[in-house]
Structure formats: C-alpha cells, structure tokens
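Structure at a glance
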Amino acid sequence: MAIKMRAVRFIWALIKYLIWGDRVSTEVQQTRLSICYTCKDLCDTKCCVCGCYVKKKTQWSTEACPKNKW
Ligand code: SF4
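Residues numbered from 1 in each chain as written. Predicted model: local features only at pLDDT ≥ 70, side-chain atom pairs only at ≥ 80, totals over all residues. Heavy atoms only, no water.

1. Re a nonpolar patch on the surface
Taken together, the side chains of Ile11, Trp12, Leu14, Ile15, Leu18, Ile19 and Trp20 define a hydrophobic patch exposed on the protein surface, amounting to about 760 Å² of accessible area. In this structure, Ile15 sits in helix α1 (residues 2-20). By relative accessible area, which is 35% here, Ile15 ends up partly exposed. (Patch = residues over 30% accessible without salt bridge, like charges linked within 9 Å, V, L, I, M, F, W, Y side chains within 5 Å. Areas by Shrake-Rupley, 256 points an atom, 1.4 Å probe, with all protein chains shown as cover. Salt bridge = Lys/Arg side-chain N within 4 Å of Asp/Glu carboxyl O. Helix = DSSP H or I, 4+ residues; strand = E, 2+ residues; numbered from the N terminus. Buried < 20%, exposed > 50% of the residue type's maximum accessible area, 1.4 Å probe, protein only.)

What follows is the structure in structure tokens.
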C-alpha cells in the first residue's frame, strides 16, 4: 500500500511539473541534491517519504522537500 501511495505521489509530482513546472538552475538542483544525498530518508535513488526520484524531483520547480529540508 505504501509503495502504491509513493507511486501515486510521484505521478502527481510529474503531472504538476508537466503542467505548471519549469527546470530550476543547475546550481539550485545541485544544492538540493547535496541535501538529499546526506538525508536519512533517501532510499537508493528515491526519497522514501514521497517516492520521487531525487534526481528528477530536485530539477522541478514545482517540487519541495516533504521534510522542508529544501
Ligand atoms: S526530498 Fe527531502 S526527505 Fe526526501 S531525500 Fe531529499 S532531503 Fe530527504
């Protein structure tokens, strides 16, 4: 169930990005990624909290860290 919910959250994040989003600058993405890479909630390539791939999530202007770390 939790896996399905994370998949739904990721799909919703993708839809928001495709409709309203833009790419952030490389500097902003790198700052966000460096926070994710030291976060205890990172599961391999995904955020365990929201289910998003962090390399994508950190690129999208419509996204924010679910734990308010960035
Ligand atoms: S998005 Fe936030 S909670 Fe998720 S891995 Fe990155 S810093 Fe951690």
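Alright, that's what it looks like, and here's the rest.
2. What to know about the environment of Ala64
Examined against the element boundaries, Ala64 turns out to sit in the segment after α3 (54-57). When neighbours within four sequence positions are excluded, Ala64 is seen to be in contact with Lys57 and Trp70. (Contact = heavy atoms within 4.5 Å.)

3. Section: the site of the ligand
In the vicinity of the ligand, the contacting residues are Ile35, Cys36, Cys39, Cys47, Lys57, Cys65, Pro66, Lys67, Lys69 and Trp70. Partitioning the shell around the ligand into residue classes produces seven nonpolar, no polar and three charged. (Near = heavy atom within 4 Å. Nonpolar A, V, L, I, M, F, W, Y, C, P; charged D, E, K, R; others polar.)

4. Observations concerning the confidence of the model for the chain
Chain-level statistics for the chain give a pLDDT mean of 93 and a share of 99% at 70 or above. For the chain, α1 is the element with the lowest average pLDDT, namely 89, and helix α2 (residues 26-37) is the one with the highest, namely 98. (pLDDT = per-residue confidence, 0-100.)

5. Observations regarding the nonpolar core
Among soluble globular proteins, nonpolar side chains are generally buried collectively. Ranked by size, the top nonpolar core spans twelve residues in total: Phe10, Ala13, Tyr17, Leu33, Cys36, Cys47, Cys50, Cys52, Val54, Trp60, Cys65 and Trp70. Breaking this core down by element, the ones donating at least two residues are α1 and α2. Among the elements that take part in this core, α1 stands out by supplying three residues, more than any other. When sequence neighbours within four positions are dropped, the list of residues in contact with Cys47 reads Arg6, Asp41, Leu42, Cys52, Val54 and Pro66. (Core = buried A, V, L, I, M, F, W, Y, C linked by side-chain atoms within 4.5 Å.)

6. Focus on the packing of aromatic side chains
According to the stated counting rule, one finds three aromatic pairs in the structure shown. Ring centres 5.3 Å apart and planes at 80° place the aromatic pair Phe10 and Tyr53 in the edge-to-face group. Placement of Phe10 in helix α1 and of Tyr53 in the loop between β2 (46-47) and α3 is noted, with a sequence separation of 43 residues between them. Take Tyr53: its relative accessible area is 36%, and that puts it in the partly exposed class. When the ring of Phe10 is compared with that of Trp60, the centres are 6.0 Å apart and the planes differ by 25°; the resulting orientation is stacked. Of this pair, Phe10 sits in helix α1 while Trp60 sits in the segment after α3; the two residues are 50 residues apart in sequence, bridging distant segments of the chain. Assigned by exposure class, Phe10 and Trp60 land together as buried. (Phe/Tyr/Trp six-rings, centres within 6.5 Å; stacked < 30°, edge-to-face > 60°.)

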